[in-house]
Structure formats: C-alpha cells, structure tokens
Amino acid sequence: MSHSHRRPTSSNLWFRMDVPRDVRELAGVTSWQKSLETADPAIADVRRASYSAHYKAEVIRLRAILKEQIARNADQLVG
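Residues numbered from 1 in each chain as written. Predicted model: local features only at pLDDT ≥ 70, side-chain atom pairs only at ≥ 80, totals over all residues. Heavy atoms only, no water.

Colleague: Would you explain the packing of aromatic side chains in this entry?
Modeller: With the rule as written, the count across this model stands at three aromatic pairs. Consider the rings of F15 and Y55, whose centres lie 5.8 Å apart with planes at 15 degrees: the pair is stacked. With F15 in strand 2 (residues 13-18) and Y55 in helix 2 (residues 41-78), this pair connects stretches of sequence that are 40 residues apart. With respect to class, F15 is no different from Y55; both count as buried. When the ring of W32 is compared with that of Y55, the centres are 4.5 Å apart and the planes differ by 15 degrees; the resulting orientation is stacked. Here Y55 lies in helix 2 and W32 lies in strand 3 (residues 31-35), a separation of 23 residues in the sequence. Classification of W32 by relative accessible area gives buried; the value is 11%. Here the aromatic residues F15, W32, Y51 and Y55 are joined through ring pairs into a cluster of three or more. (Phe/Tyr/Trp six-rings, centres within 6.5 Å; stacked < 30°, edge-to-face > 60°. Helix = DSSP H or I, 4+ residues; strand = E, 2+ residues; numbered from the N terminus. Buried < 20%, exposed > 50% of the residue type's maximum accessible area, 1.4 Å probe, protein only.)

Colleague: Looking at this model, I keep getting lost on the environment of S31. Mind explaining?
Modeller: Relative to the helices and strands, S31 resides in strand 3. Classification of S31 as buried rests on a relative accessible area of 14%. In this structure S31 touches R16, M17, D18 and V19, once residues within four positions along its chain are discounted. Within the structure, the side chain of S31 is placed 3.5 Å from the side chain of R16, a separation counted as a polar contact. (Contact = heavy atoms within 4.5 Å. Polar contact = N/O pair within 3.5 Å; in protein donor to acceptor, adjacent residues only side chain to side chain.)

What follows is the structure, given as structure tokens:
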C-alpha cells in the first residue's frame, strides 16, 4: 500500500501511498506523497513506517466520516 521511491530531481527518498478509492473524494487527492528527507534506506524505512501509520489512521477516520454520511443520507431518504 505504501512504498519509497526516488525522484529523478532529488537524492532523497520519498514516501508514497495511494488513497483508497472509497475515500478519495473526502481526501481530495489520489495519493499522499512526502519527502523522507534522507537518502539513507535505513532511516527512510523508519520514516516511511511513521507516515504509513499516520495515513492508515487517516483512512480509518475518513471511512468513519463516509459511514456517517451514508447513514445520514439513508435516514433522509427513509425519513
């Protein structure tokens, strides 16, 4: 779901994680990308893990919002 890559214009490694399709509209982007601000693979792994945990929590939060929206819309339709 997430990985590190190196951009042609940078010596630093970058974090990239695709946003799941069901929450892309809420997130406003199709992927999250951040510079890991290091070229050292060991340091990059630690930073990537941190970003990965952060954005996985964000997906959970966005899915909770989506679930509330769906329930609210269903109540309005039935109401």
